[in-house]
Structure formats: C-alpha cells, structure tokens
Amino acid sequence: MTDNGKLSQRNPDDPTRRKVVVVGASTAAAVGLGGAFAVNAVADERKGPGHGRRPEPPADCYQLTSETTEGPYYIDADKIRQDITEDRTGIPLTLALRVIDTETCRPVRNAAVDIWHCDAIGYYSGYEASSGGGGGGGPAPTGTPTDTPTGPPPGGGGGHQDPTDDKRYLRGTWRTDRHGHVTFKTVFPGWYRGRCVHVHVKVHVDGEWTDAGYEGGHTCHTGQFFFDEDSVIATTTLDPYVTNTTERTTLTEDTIYDQSGTQGGLLKLRYRKDDIAKGVLGSITVTVDSDATNDGEDGGGPAPSTSASPSASAS
C-alpha cells in the first residue's frame, strides 16, 4: 500500500493475465415494494438441502472466460454504499452477486466490489459532458440500430478519461460477506451508441476495511454484466427509457460481450413479464483468481482506494 492509502500498483513486468469464471447464480423473485421479494431471493440462494446452505460445486463445473476492459468512465474513489441510486429514476434493479475463488471454489469474504453504470438515458456520473446520453423525447427504440457504430465503443474500449464533473450517482462499493455475497440496489441501466446495456464491475482483495473505507490490496477482476434482449426491450416503452432515442446496440452486436451466456457475464434475471416496472433481480456468481492482478487497463496502474460515504449502511 502506498503512503497515500491507494491500493498497491501492479508490477508492470508481471505477465499474469488472470482468467475469470462467471456462472449463473440461482435466480430470485422480482423486486416488489420495499424489496421484500429480493430479500427472500437472496436468502433462498444461500440455502441448500440438509444444512441450510447450498453445497459448494466442484471446481470442474466452472468454465474460464477472459477479463473485460474497465472502459473510460471508472472513478477510483467511489462511495461505500449498497444503494447507489441517488436521484436517478428508472426500473428498480437489485444485483445479487457472489464472489468465489477459482482455485478452491470457496467464497471470497471481505472483498471490495465496485459497480458502476449509466443511467436510463445513457449518462455516466462524473462524465456527463463526454458520455453518450440520448434523451430528447420521441418514440422508443425498435431494438435494432439503424447504423453500425464505428470506432471504439463508449464505456467499453479506449483508455481511461478524467472526470468532467463531481456527480457520483450509480456508483458504489460494498464488501462481500462470509459467504461471498454482496447486494446492490440501483436502477436498470439504459443504453448509448456503440454498446449494449451493461454494468461494470471490479473486485479487490487483500485490502483492509477501516472506518475510513477500504485500503490496500489489489484488483483481481475487472468485468461487465449484461442483460438479455427481452428484458431490455421491455424497458423501452417505459419512462424514462422511452425518452432515450439513441440508436441501440443489441446483445449480439456488442463488441465486448463474447456471446457465451453466463460465462461471459450474462445476468440471470427475474421479473414480472407483464410488469417489469415493478422491479428486476439480477444474479450471478463470479469466480476470481485472488492471487492475480487485473485492473482492466492496458497500461496498468494503481487499483483504487475507496472512501467511506455518509450514506453507507450495514447489510
């Protein structure tokens, strides 16, 4: 750990390129008023026959898949909180994640998990001047873009950009519990030109949780989570998504998602098919190599040091 409290830098000569396993966690009930269904869903995921917990699956049940880029809109001082919504409107989304070690298939406890994503009309906090928000009213997207985007996809490829504003909505960091579980409350993301609907994620291990936040350690996984087309299309007729007139890239057209299903980060989703506005629960299990370092940047660099937020709450 450096003197300024940042996480230690990756050795630029280290050839390690970590692989990550992502397998679908058991899905859960849709989020209702007060999130009661989501709470029950997470509880059910932790249970298994016999001893109240699902048995650990054998290591050979996992298939390895590559890391993905962090994109240009990562900020390394996110707030320590589970509810990252702030003032953003949209369909309630609960993300129920589990982090497991790739060597042992055992839960990774006390890891710091970052997530961040755009709002319903395509804007990233911290980057409203440069991210690809749509808006402007008009009809909902048809589900198929009319033009093929060119150049590196916004929020997917390309180098890191410095923030252009001090907003931090739809960003947050929280710790995994002793079962490797971590849950976030947010809204269903929107879309912007060149990328399908997605959520970014980083997992940090070997750091220390203090009253000030999370310090030290290293980033062992950088990835993205994706949403199936049926769920995305279901959002397009609802406010505020209906105001997003940006041409939409579908899941099969995306240049970051590798089309491998849950191994590539495709979330398991549960919601009322006749009323997605009630809320969505997405779940997935991510298996990481805790000893490796992968910060998602081509040029390496320091992993983040996060700071505590006044809005932090115990799970």
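These numbers come from a predicted model, not from an experiment.

Topic: unusual backbone geometry
- Across the junction of aspartate 239 and proline 240, the peptide omega takes the value 0 degrees, indicating a cis bond.
- Within the element layout of this structure, proline 240 appears in the loop between helix H2 (229-235) and strand S10 (268-270).
- A positive phi angle, near 65 degrees, is found at asparagine 110, a position not held by glycine.
- Within the secondary structure, asparagine 110 is located in the loop between strand S4 (92-101) and strand S5 (112-116).
- For asparagine 110, a relative accessible area of 34% translates into the label partly exposed.
- Notably, leucine 170 is not glycine yet its phi reads approximately 60 degrees, a positive angle.
- Position of leucine 170 relative to the elements: it lies in the loop between S5 and strand S6 (171-175).

Some details on the pairing of strand S7 (residues 181-187)
- Buried residues dominate S7, accounting for five of its seven residues.
- Bridge analysis of S4 against S7 gives seven bridges, and the strand direction is antiparallel. Considered in S7, the bridge of arginine 98 is made with histidine 181.

Comments concerning the pattern of salt bridges
- What the rule picks out here adds up to ten salt bridges.
- Salt-bridge contacts for arginine 81 lead to glutamate 86; the nearest nitrogen and oxygen are separated by 2.8 Å.
- Using a relative accessible area of 3% as the deciding quantity, one classes arginine 81 as buried.
- Given a relative accessible area of 40%, glutamate 86 falls into the partly exposed group.
- The partner of arginine 88 in a salt bridge is aspartate 119, with the nearest N and O atoms 3.1 Å apart. Of this pair, arginine 88 sits in the loop between strand S3 (79-80) and S4 while aspartate 119 sits in the loop between S5 and S6, and the two are 31 residues apart along the sequence.

A word on the nonpolar core
- By size, the foremost hydrophobic cluster in this structure holds 38 residues, and its most contacted members are Leu97, Val113, Ile115, Phe184 and Phe227.
- Counting residues per element, the ones that place at least two in this core are S4, S5, S7, strand S8 (198-210), strand S9 (213-226) and strand S11 (280-288).
- The greatest single-element share of this core, amounting to five residues, is contributed by S8.
- If you look at the next biggest cluster of nonpolar residues, it comprises eight residues, including Tyr74, Ile75, Tyr124 and Tyr127.

Topic: the pairing of S6
- Burial runs high along S6: four of the five residues are buried.
- In terms of strand pairing, S5 meets S6 through five bridges, oriented antiparallel. Looking at the pairing, tryptophan 116 lines up with arginine 171 of S6.

Here's the deal with the packing of aromatic side chains
- Scanning all chains against the criterion turns up seven aromatic pairs.
- Ring plane angle 45 degrees and centroid distance 4.6 Å describe the contact between tyrosine 74 and tryptophan 116, whose orientation is recorded as tilted. Here the residue tyrosine 74 occupies a position in the loop between strand S2 (64-65) and S3, and tryptophan 116 occupies one in strand S5, the gap between them amounting to 42 residues. An identical accessibility class is assigned to tyrosine 74 and tryptophan 116; each is buried.
- Note on phenylalanine 188 and phenylalanine 227: the rings are 4.7 Å apart at their centroids and 50 degrees apart in plane angle, and the pair reads as tilted. Of this pair, phenylalanine 188 sits in the loop between S7 and S8 while phenylalanine 227 sits in the loop between S9 and H2; the two residues are 39 residues apart in sequence, bridging distant segments of the chain. This pair shows no difference in class: phenylalanine 188 is buried, exactly as phenylalanine 227 is.
- Taken together, the ring pairs in this structure connect Tyr73, Tyr124, Tyr127 and Tyr192 into an aromatic cluster.

What counts and what doesn't
Residues numbered from 1 in each chain as written. Predicted model: local features only at pLDDT ≥ 70, side-chain atom pairs only at ≥ 80, totals over all residues. Heavy atoms only, no water. Helix = DSSP H or I, 4+ residues; strand = E, 2+ residues; numbered from the N terminus. Buried < 20%, exposed > 50% of the residue type's maximum accessible area, 1.4 Å probe, protein only. Pairing = 2+ DSSP bridges. Salt bridge = Lys/Arg side-chain N within 4 Å of Asp/Glu carboxyl O. Core = buried A, V, L, I, M, F, W, Y, C linked by side-chain atoms within 4.5 Å. Phe/Tyr/Trp six-rings, centres within 6.5 Å; stacked < 30°, edge-to-face > 60°.

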